Amino acid sequence: MATVKKSKNVSVTTYENYMNGRWVKPKSGDYLENRNPADTREVVGRFPASSAEDVNVAVKAAKEAFPKWKATPAPKRAEMLYRLGQILLEQKEAHATAMTREMGKVLKETRGDVQEAIDMTFYTAGEGRRLHGYTTPSELPDKMAMCVRQPIGVCGLITPWNFPMAIPSWKMLPALVCGNTLVIKPAEDTPLSTYNLVAAMEAAGLPAGVVNIVAGVGKDAGAALTTHKDIRLVSFTGSTATGRTVATNAAQHDKICSLEMGGKNVIMVMEDADLDLAAEGAVWGAFGTSGQRCTAASRIVVHKKVYKKFVEKITARARALRIGNGLDPKVEMGPVINQAAVDKILSYIKVGKKEDGAKLHLGGSQLTKGELKHGFFIEPTIFTDVAPQMRIAQEEIFGPVLSIIPCNNFDEAVAIGNGVKYGLSASIYTADVNRAFKAMEAMNTGIFYVNSSTIGAEVHLPFGGTKGTGNGHREGAMISSLDIFSEWKAIYVDYSGKLQKAQIDN
Ligand code: NAD
């Protein structure tokens, strides 16, 4: 799979693209360096900077492999996925460590990321013996009507860096069990974890051409996937801005297109909430993965009656967070992903400081002392007295920056919570069951939690959001993700022996 090169006495692995069952060099011969965001002196690996030409080769392989994979009985396809699950379980610790090195989140979280891919694998494999269709009565006698799922063809998958094994698994596994073949382009910053998943698929015996990976930058390899004539479906997860470009390209080529995009998620803390529980959930939601989750809690709306107390509690917890290299088991918050992320997050902190009324209550700076100077570390940052319309309360910052917004009552909390262009996740902390149910109904999001943070999705429930977060699809849960990765075929069987005309012979 890889060749080893020497660089300044340290061996760095060079990874290749995987196409038609072989690991091959990119046509250009160019590679991108993948560095550890906790210590940029460490090169995690070199990965192909692929072009549209490489994508063409991968798509050709996937297209040629499609008829045979489609004809393989779904329970047989699933057997390979069960093997994959077993392999991933055995390799879990190594993959988690590699992921922490390439993207910085702490080991506990990267173990969770790999576990999510394992859960997805076993869960999806079970679908090999279901993939249910249905029968329904015909309006005419001696006629049978039924619906079956059919594979779509070659799928082009584009993924972000923050869940570099879990998110690819959400797309690849349902695509495969449905009988599709695929080409995946992982994020520039985290190709290794997706490579590890693909290598495990190779080890599980998936036939040549069924799974192909092409690494590279979005505007080259990614864009080529969205316009290739032989790709029938594009499934994208990433920012809303990129998603719009992907959708525009896909529309020009009549592709099925599923989009999972940004978020600006809210926790609502009511006056009757368990404030310790709420503060614990808020810190986990805001600063877990250094705030770089699509479901991160970047806004907390707090009832004025408990505002001061809640701010005290969350501040104490955030201040105590241990920051550093995620491989250290004592560390609770790692770096952000790269220099561009540092620049973006610091620029939002500047914006927040200038907002009239908002107060920078905690943090606000890059951490550059000692070992931290080698990585991209930003302090857990809290703004208080934020107004709902301020930019820091409206735009996705994707870093450890939290806006706390005071409110007067439940209705106001809901209005503020819903008052953003995204609709991914929300939560409420309250002891009032009626209010909890009202909130479940009122919040216009794809995911909602009661007395828990905005993060923590499980693979067998639908994952995705409303408004600017997506275009109506849901990954995860089998029915919704099968609806992305298969197409319905309606079948009519007339056994009357005569011509019967629907809508006319009645
Ligand atoms: P991004 O949009 O910058 O990149 C996502 C992917 O798109 C990468 O693989 C990138 O190379 C590729 N890409 C970039 N330009 C492209 C183009 N023109 N054509 C095709 N592909 C292109 O996002 P990111 O920074 O990797 O990830 C962070 C974003 O992802 C955040 O907005 C976050 O909320 C979102 N996200 C959403 C979910 C969800 O399920 N809703 C999950 C995780 C992350």
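Residues numbered from 1 in each chain as written. Predicted model: local features only at pLDDT ≥ 70, side-chain atom pairs only at ≥ 80, totals over all residues. Heavy atoms only, no water.

Turning to the overall build of the protein, a few remarks are in order. Within the protein, the secondary structure is distributed over 14 helices and 27 strands. At 24 Å, the protein has a C-alpha radius of gyration in line with the 23 Å of a compact globule built from 506 residues. Viewed in the frame of its principal axes, the protein has a C-alpha envelope of about 80 × 70 × 40 Å. Expressed as a percentage of the 506 residues in the protein, the buried residues total 57%. For the protein, the proportion of contacts with a sequence separation of at least 24, taken over those separated by at least 6, is 73%. A total accessible area of about 20800 Å² is found for the protein, and carbon and sulfur atoms account for 53% of it. If you average the places of the 60 positive and of the 52 negative side-chain charges in the protein, the two averages end up 3 Å apart. (Helix = DSSP H or I, 4+ residues; strand = E, 2+ residues; numbered from the N terminus. Rg over C-alpha atoms; globule rule 2.2 N^0.38 Å. Buried < 20%, exposed > 50% of the residue type's maximum accessible area, 1.4 Å probe, protein only. Contact = heavy atoms within 4.5 Å. Areas by Shrake-Rupley, 256 points an atom, 1.4 Å probe, with all protein chains shown as cover. Lys, Arg positive; Asp, Glu negative; His and termini not counted. Charge placed at Lys NZ, Arg CZ, Asp CG, Glu CD.)

Our next topic: the sheet that holds strand S20 (residues 401-407). Judged by pairing direction, the sheet is mixed, and its seven strands sit side by side in the order S16-S19-S20-S15-S14-S22-S23 without closing on themselves. The two strands at the open ends of the sheet, each matched to only one other strand, are strand S16 (359-362) and strand S23 (447-450). Here the strands of the sheet are splayed against their neighbours by 20° on average, with no regard to which way each runs. Across five bridges, the pairing between strand S14 (residues 265-269) and strand S15 (residues 297-303) is parallel. Across the sheet, the residue bridging to Met-268 is Val-301, located in S15. Packing against the sheet, helix H8 (residues 275-287) makes contact with S14, S15, strand S19 (381-384), S20 and strand S22 (425-429), and its axis sits at approximately 170° to S14. Sheet strands in contact with helix H12 (residues 410-418) are S14, S15, S20 and S22, and its direction is about 145° off that of S20. (Pairing = 2+ DSSP bridges. Axes fitted to C-alpha atoms, helices over the stretch in contact; angles between N-to-C directions.)

Attention now moves to the packing of aromatic side chains. Applying the stated criterion to the full structure yields nine aromatic pairs. Considering the side-chain rings of Tyr-15 and Phe-47, the 4.6 Å spacing of their centres and the 0° angle between planes classify their relative orientation as stacked. Of the two residues, Tyr-15 is situated in strand S2 (residues 10-15) and Phe-47 in strand S6 (residues 39-48); the sequence distance between them amounts to 32 residues. Both residues of the pair, Tyr-15 and Phe-47, count as buried. Arranged with centres 5.1 Å apart and planes meeting at 70°, the rings of Phe-47 and Tyr-195 form a pair that is edge-to-face. Taken together, the residues span a long stretch of sequence, with Phe-47 in strand S6 and Tyr-195 in helix H5 (residues 191-203) at a distance of 148 residues. Here the two residues Phe-47 and Tyr-195 agree in accessibility, since each one is buried. Put simply, the rings of Tyr-15, Tyr-18, Trp-23, Phe-47 and Tyr-195 touch in pairs and so form one group of aromatic residues. (Phe/Tyr/Trp six-rings, centres within 6.5 Å; stacked < 30°, edge-to-face > 60°.)

What surrounds the ligand is a group of 27 residues, the closest being Thr-159, Ser-239, Thr-242, Met-261 and Glu-396. Note that an oxygen atom of the ligand is positioned 2.8 Å from one of the side-chain N or O atoms of Glu-188. In the environment of the ligand, a nitrogen atom lies 2.7 Å from a nitrogen or oxygen atom belonging to the backbone of Met-261. Coverage of the ligand by the protein amounts to 88% of the 850 Å² it exposes when considered alone. (Near = heavy atom within 4 Å. Polar contact = N/O pair within 3.5 Å; in protein donor to acceptor, adjacent residues only side chain to side chain.)

On to the pattern of salt bridges. Applying the stated criterion to the full structure yields 25 salt bridges. Arg-101 is paired through a salt bridge with Glu-42; the nearest N and O atoms lie 2.4 Å apart. Within this pair, whereas Arg-101 is found in helix H2 (residues 74-103), its partner Glu-42 is found in strand S6, the two being separated by 59 residues in sequence. What makes Arg-101 partly exposed here is its relative accessible area of 26%. (Salt bridge = Lys/Arg side-chain N within 4 Å of Asp/Glu carboxyl O.)

So, on to the domain arrangement of the protein. Bring the parts together and some accessible area is lost; that lost area is often taken as the interface size. Along its sequence, the protein is organised into domain 1 (2-261 + 477-490) and domain 2 (265-450). A separation of 31 Å is found between the C-alpha centroids of domain 1 and domain 2. Across the contact, 22 residues belong to domain 1 and 24 residues belong to domain 2. Across the interface of domain 1 and domain 2, roughly 1900 Å² is buried in total on both sides, 61% from carbon and sulfur atoms. Applying the counting criterion to the domain 1 and domain 2 interface returns two salt bridges. Of the charged contacts in the structure, one is a salt bridge between Glu-371 and Arg-41, with a shortest N-O distance of 3.5 Å. Applying the counting criterion to the domain 1 and domain 2 interface returns eight residue pairs in polar contact (both at pLDDT 80 or more). Only S6, H2 and helix H3 (107-127) provide two or more residues apiece to the side of domain 1 that touches domain 2. Considering every element that reaches the side of domain 1 that touches domain 2, the biggest residue donor is H2, with five residues. Of the residues belonging to the side of domain 1 that touches domain 2, the class tally is eight nonpolar, seven polar and seven charged. (Domains from an automatic or database assignment. Buried area = accessible area lost by both parts, 1.4 Å probe. Nonpolar A, V, L, I, M, F, W, Y, C, P; charged D, E, K, R; others polar.)

Take Gly-357: it is sitting in the loop between helix H10 (339-354) and S16. The sequence separation of Gly-357 and Val-386 amounts to 29 residues, and the corresponding C-alpha distance is 6.9 Å. Once residues within four sequence positions are removed from consideration, Gly-357 is found in contact with Thr-384, Asp-385 and Met-390.

Moving on to a nonpolar patch on the surface. A grouping of Val-433, Phe-437, Met-440 and Val-450 is seen on the molecular surface, where their side chains present a nonpolar patch of about 360 Å² in accessible area. By secondary structure assignment, the location of Val-450 is in strand S23. Residue classification places Val-450 among the partly exposed positions, given a relative accessible area of 33%. (Patch = residues over 30% accessible without salt bridge, like charges linked within 9 Å, V, L, I, M, F, W, Y side chains within 5 Å.)

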